[in-house]
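Commentary on secondary and tertiary structure
Here are the chains, one letter per residue:
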Amino acid sequence: PFSSVSCVGFALKEIMSSGGAEDDIPQAERKTVTDFCYLLDKSKQLFNGLRDLPQYGQKQWQSYFGRTFDVYTKLWKFQQQHRQVLDNRYGLKRWQIGEIASKIGQLYYHYYLRTSETSYLNEAFSFYSAIRQRSYYSQVNKEDRPELVVKKLRYYARFIVVCLLLNKMDVVKDLVKELSDEIEDYTHRFNTEDQVEWNLVLQEVAAFIEADPVMVLNDDNTIVITSNRLSETGAPLLEQGMIVGQLALADALIIGNCNNQVKFSELTIDMFRMLQALEREPMNLASQMNKPGMQESTEKPARRENPHKYLLYKPTFSQLYTFLAASFKELPANSVLLIYLSATGVFPSGRSDSEGPYDFGGVLTNSNRDVINGDAIHKRNQSYKEMHCLHPGDLYPFTRKPLFIIVDSSNSVAYKNFTNLFGQPLVCLLSPTAYPKALQDQSQRGSLFTLFLNNPLMAFLFVSGLSSMRRGLWEKCQDYLRKINRDIAQLLTHSRSIDQSFLQFFGDEFLRLLLTRFIFCSATMRMHKIFRETRNYPESYPQLPRDETVENPHLQKHILELASILDVRNVFLENTLDDY
């Protein structure tokens, strides 16, 4: 039941009230208005229906998205072909065209979220850019309708998210300036209550842009935008004859709940960094403004280049378990599920008689005010266990299939007490639980451990006390780091005593890169002069053979060499082996 009849009636009434008679309208033009109204209503109905689709699971949504894209393709072409009639007879305004383009941009963005295929981000970007270039929303401010201005502001916020994900920081800065002007104009003209919320959006973006602790500079002092997605030269290649598993990373849950960490939209800086570490560089799809349809959406989806991801910001325990169960259920054969937890630690409440998988605490997944009273998270003498704590034991059922876990938390060590009950490949990479006091506290701008997994060179520069660097030197160091990664890969695969789980995961490019970066991070921290306590070092389950990996003299030599290139050798211990 569409409302196209009322839409047409309204359009024709407008014409009559402006001096024309309804009978004067040629039948063909009347049909054009009717068809446009039908497509417009149908597209709105389908778009609103996307909200009702379950967020988890791979299958149900694909045909629905296909239908929605088809209708928007028709609608977009239709308004292009009949623009003059729609201008004259329907009174089509430029902001209404902008609204259609904005919806198509949103569709592409949501398609990216569903598939993790970065090319769809480029498609969203091209539609959002067209709105700006063609000034579709420019007339909105002349109309006395605050709700239209809010549509414009929301468009800016969505465009900024897409630009952040594509690392188009120059565009982000321009958009932030434009959005700031729009918010000022909006609050000046309409005495609105949401002024504070919109100003908060601006503050969040500003903090997000400035989160990186090190700037890479061109010769003219402009900032170089570096991408941390997997490139062709990214992961160390496997040597011939290297015996590694054939598993592939298929699904990842990225969970963020760190108090006071920089965030924008529902994405903390740690989640943002980890999702980029699990994606390849985007390719451009043949992008044309009049072809937003997903040709392959109704067919069987092609093999995904990127692992599929769920981004969960402060999920409740039940939400998290639902998504975990859906991922687990749909995991293809010979595939890996990755769980990344960036969250505040929940510590055990008092001594327990037993030492089971629920007695070491875990991490907090949701911190709604009504769930936790003030800082009860850190009180160790509570008689009850925190409901929204994810304990190691909660993940046991999912170890029936290959599982790769990364925990970045002040209580990451709770996950050392894991037991591999089903004999499937299982690895947990665990962050330090505390950082040296002497290291400037950057926790608000993201965790150092996650930074090492996302951009190891930037993390290395930060712990070495450097805050900016020339592009030439940066590229020289990146080359050297690639060499270090190749050597770490050899150390792992040649090790006689390493747990087989590590080698099972080593055949997948993404997991190989995460493992080599983890070892680089551990070795760097163990050699650093101010990282002197055990809790300053990352750990893993199963444990790595230290002398063959994180404390290998060959690797230590490489780290000192990298420090020499950067002229920061004095930050590191020279004869680390004597200190243990």
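Per chain, residues are indexed from 1 in the order of the written sequence. Since the coordinates come from a predicted model, pLDDT governs what is reported: local features require at least 70, and pairs of side-chain atoms require 80 or more to be given and counted, while whole-chain, interface and lining totals use all residues. Note that the side-chain values use all heavy atoms of the structure and ignore hydrogens as well as water.

- The name an unreviewed UniProt entry assigns to the protein chain is Suppressor of cancer cell invasion, from the organism Coturnix japonica.

**Description of the overall build of the protein chain**
- Only DSSP runs of H or I with at least four residues qualify as helices, and only runs of E with at least two residues qualify as strands; both kinds are numbered from the N terminus onward. Broken down by element type, the protein chain carries 18 helices and 13 strands.
- Per-residue burial for the protein chain yields a buried fraction of 56% across its 580 residues.
- For accessible areas, the Shrake-Rupley method is used with a probe of radius 1.4 Å. Any residue's cover is judged against the shown protein chains and nothing else. Of the accessible surface of the protein chain, which amounts to about 26,500 Å², a share of 48% is contributed by carbon and sulfur atoms. For the exposure calls, accessible area comes from a 1.4 Å probe over protein chains only, and a residue counts as buried if that area is under 20% of its type's maximum, exposed if over 50%, partly exposed in between.

**Focus: the pairing of strand S2 (residues 248-257)**
- With nine of 10 residues buried, S2 is to be regarded as a mostly interior element.
- Summarising the sheet, S2 and strand S6 (residues 335-343) pair through nine bridges and their orientation is parallel. Residue pairing for S6: Ala 252 is matched across the bridge by Leu 338.
- Relative to strand S5 (residues 308-313), S2 runs parallel, the two being bridged by six bridges. The rule for pairing is simple: two strands pair if DSSP sees at least two bridges between them.

**Focus on the sheet that holds strand S9 (residues 389-390)**
- Reading across the sheet, the three strands line up as S7-S8-S9 and stay open at both edges, with antiparallel pairing between neighbours. The strands lining the two open edges of the sheet, one partner per strand, are strand S7 (345-346) and S9.
- As defined by bridge partners, strand S8 (residues 362-364) adjoins S9 across two bridges and the pair is classed as antiparallel. Across the sheet, the residue bridging to Val 363 is Leu 390, located in S9.

**Overview of the packing of aromatic side chains**
- We call Phe, Tyr and Trp rings a pair once their centres come within 6.5 Å, taking the six-membered ring for Trp, and we label the pair stacked below 30 degrees between planes, edge-to-face above 60, and tilted otherwise. Under the counting rule described, the total for this entry stands at 34 aromatic pairs.
- Measuring from centroid to centroid gives 5.1 Å for Phe 36 and Tyr 90, while their planes differ by 70°, and the two rings are edge-to-face. Here Phe 36, found in helix H2 (residues 27-49), pairs with Tyr 90, found in helix H4 (residues 83-90); they are 54 residues apart in sequence, far enough to count as distant. Like Tyr 90, Phe 36 is buried.
- Centre to centre, the rings of Tyr 186 and Phe 190 are 6.0 Å apart; their planes meet at 55°, and the pair counts as tilted. Assigned by exposure class, Tyr 186 and Phe 190 land together as buried.
- Put simply, the rings of Trp 61, Phe 65, Phe 69, Trp 76, Tyr 108, Tyr 111, Tyr 120 and Phe 127 touch in pairs and so form one group of aromatic residues.
- The aromatic ring of Phe 125 is capped on one face by Lys 168, whose charged end is 4.6 Å from the ring centroid.
- Two limits define a charge over a ring: the Lys NZ or Arg CZ must be within 6 Å of the ring centre, and within 35 degrees of the ring normal. Lying over the aromatic face of Phe 328, Lys 401 brings its terminal NZ or CZ to 4.5 Å of the ring centre.

**Section: the pairing of strand S10 (residues 403-408)**
- Burial analysis of S10 places six of its six residues in the buried class, the great majority of the element.
- Sheet topology note: the S6/S10 ladder contains six bridges and is parallel. Along S10, the bridge assignment pairs Ile 339 with Ile 405.
- Two elements, S10 and strand S11 (residues 426-430), share five bridges in a ladder whose sense is parallel. Within S11, the residue paired with Ile 405 across the bridge is Cys 428.

**A word on the nonpolar core**
- The biggest cluster of nonpolar side chains holds 151 residues, and the ones touching the most others in it are Leu 338, Phe 404 and Ile 406.
- It is helix H7 (residues 146-165) that provides the largest number of residues to this core, a total of 14 residues.
- Any pair of residues with heavy atoms lying within 4.5 Å of one another is described as a contacting pair. Beyond its immediate stretch of four places on either side in the chain, Leu 338 contacts Leu 249, Asp 251, Ala 252, Leu 253, Leu 278, Phe 404, Ile 406, Leu 511 and Leu 514.
- Nonpolar cores were defined as sets of buried Ala, Val, Leu, Ile, Met, Phe, Trp, Tyr and Cys residues, with membership established by side-chain atoms within 4.5 Å. With 30 residues, the next largest nonpolar core counts Ile 255, Phe 323, Leu 390 and Phe 418 among its residues.

**Notes on unusual backbone geometry**
- Between Tyr 541 and Pro 542 the backbone carries a cis peptide bond, its omega angle lying at -10°.
- For Pro 542, the position within the fold is in the loop between strand S13 (539-541) and helix H18 (553-565).
- Residue Ser 265 is not a glycine yet carries a positive backbone phi of 55°.
- Within the secondary structure, Ser 265 is located in the loop between strand S3 (263-264) and strand S4 (267-268).
- The exposure class assigned to Ser 265 is partly exposed, which follows from its relative accessible area of 40%.

**Some points on the sheet that holds S6**
- Pairing is mixed across the open sheet formed by six strands, whose spatial order is S5-S2-S6-S10-S11-S13. The open sheet has two edge strands with one neighbour each: S5 and S13. Going across the sheet, the axis of each strand differs from the next one's by a mean of 15°, ignoring polarity.
- Lines fitted to C-alpha atoms define the axes, with helix axes restricted to the stretch in contact, and inter-axis angles between N-to-C directions lie between 0 and 180 degrees. Helix H11 (residues 317-330) contacts S2, S5 and S6 of the sheet and is inclined by roughly 175° relative to S2.

**What about the packing of H7 against helix H8 (residues 169-189)?**
- Contact geometry of H7 with H8 gives a least axis separation of 10 Å together with a crossing angle of 160°. One way to sum up the angle between H7 and H8 is to call them roughly antiparallel. Of the two possible hands of crossing, H7 and H8 adopt the one that is left-handed. Residues Pro 146, Val 149, Val 150, Lys 152, Leu 153, Tyr 156, Phe 159, Ile 160, Cys 163 and Leu 164 of H7 form the contact with H8, whose own contacting residues are Met 169, Val 171, Val 172, Leu 175, Val 176, Glu 178, Leu 179, Glu 182, Ile 183, Tyr 186 and Arg 189.
- All residues other than Ala, Val, Leu, Ile, Met, Phe, Trp, Tyr, Cys, Pro, Asp, Glu, Lys and Arg, Gly among them, are scored as polar; the first ten of these are nonpolar and the last four charged. In terms of residue class, the contact of H7 with H8 is built from 17 nonpolar, no polar and four charged. In these notes the angle categories are as follows: under 35 degrees is roughly parallel, over 145 is roughly antiparallel, 65 to 115 is roughly perpendicular, and the rest is oblique. Crossings are classed by handedness, with left-handed meaning an anticlockwise turn of the near helix from the far one by less than a right angle and right-handed meaning a clockwise turn.

**What to know about helix H9 (residues 195-209)**
- One fewer than the residue count of a helix, multiplied by 1.5 Å, yields its expected span. In this model, H9 (15 residues) spans 22 Å end to end at C-alpha, consistent with the 21 Å of a helix rising 1.5 Å per residue.
- Inspection of H9 places Trp 198, Val 201, Leu 202, Glu 204, Val 205 and Phe 208 among the buried residues, and these make up the whole buried set. With its buried residues spanning 160° around the axis, H9 presents them on a single face. In H9, the exposed positions angled more than 90 degrees off the buried face are occupied by Val 196 and Gln 203.
- Buried positions along H9 lie against H7, H8, S3, S4 and helix H10 (269-277). The directions considered for the arc are those from the helix axis to the C-beta atoms.

**Some words on a nonpolar patch on the surface**
- A patch consists of residues whose relative accessible area exceeds 30% and which take part in no salt bridge; residues with like charges are grouped when within 9 Å of each other, and nonpolar side chains (Val, Leu, Ile, Met, Phe, Trp, Tyr) when within 5 Å. When a carboxyl oxygen of Asp or Glu lies within 4 Å of a side-chain nitrogen of Lys or Arg, that pair is called a salt bridge. A surface patch of nonpolar side chains, about 230 Å² in accessible area, is lined by Met 215, Ile 223 and Ile 225.
- You can see Ile 225 is positioned in the loop between strand S1 (215-217) and S2.
- Overall, the relative accessible area of 36% leaves Ile 225 in the partly exposed class.

**Quick look at the confidence of the model for the protein chain**
- For every residue, the predictor assigns a confidence score, pLDDT, that lies between 0 and 100. With 87% of its residues at a pLDDT of 70 or more, the protein chain has an overall mean of 86.
- Within the protein chain, no element has a lower average pLDDT than helix H1 (residues 4-17), which sits at 48, and none a higher one than S10, at 98.
- Note on residues 13-20: pLDDT is under 50 here. Beyond four places in sequence and across chains, it has six contacts.

**As for the side chain of Asp 194**
- Within the secondary structure, Asp 194 is located in the loop between H8 and H9.
- Buried charge without a salt bridge: Asp 194, with Arg 154 as the nearest opposite-charge side chain at an N-O distance of 6.9 Å.
- Excluding residues within four positions of it along the chain, Asp 194 makes contact with Val 150 and Tyr 186. The charge count includes Lys and Arg as positive and Asp and Glu as negative, but it does not include His or the ends of the chains.

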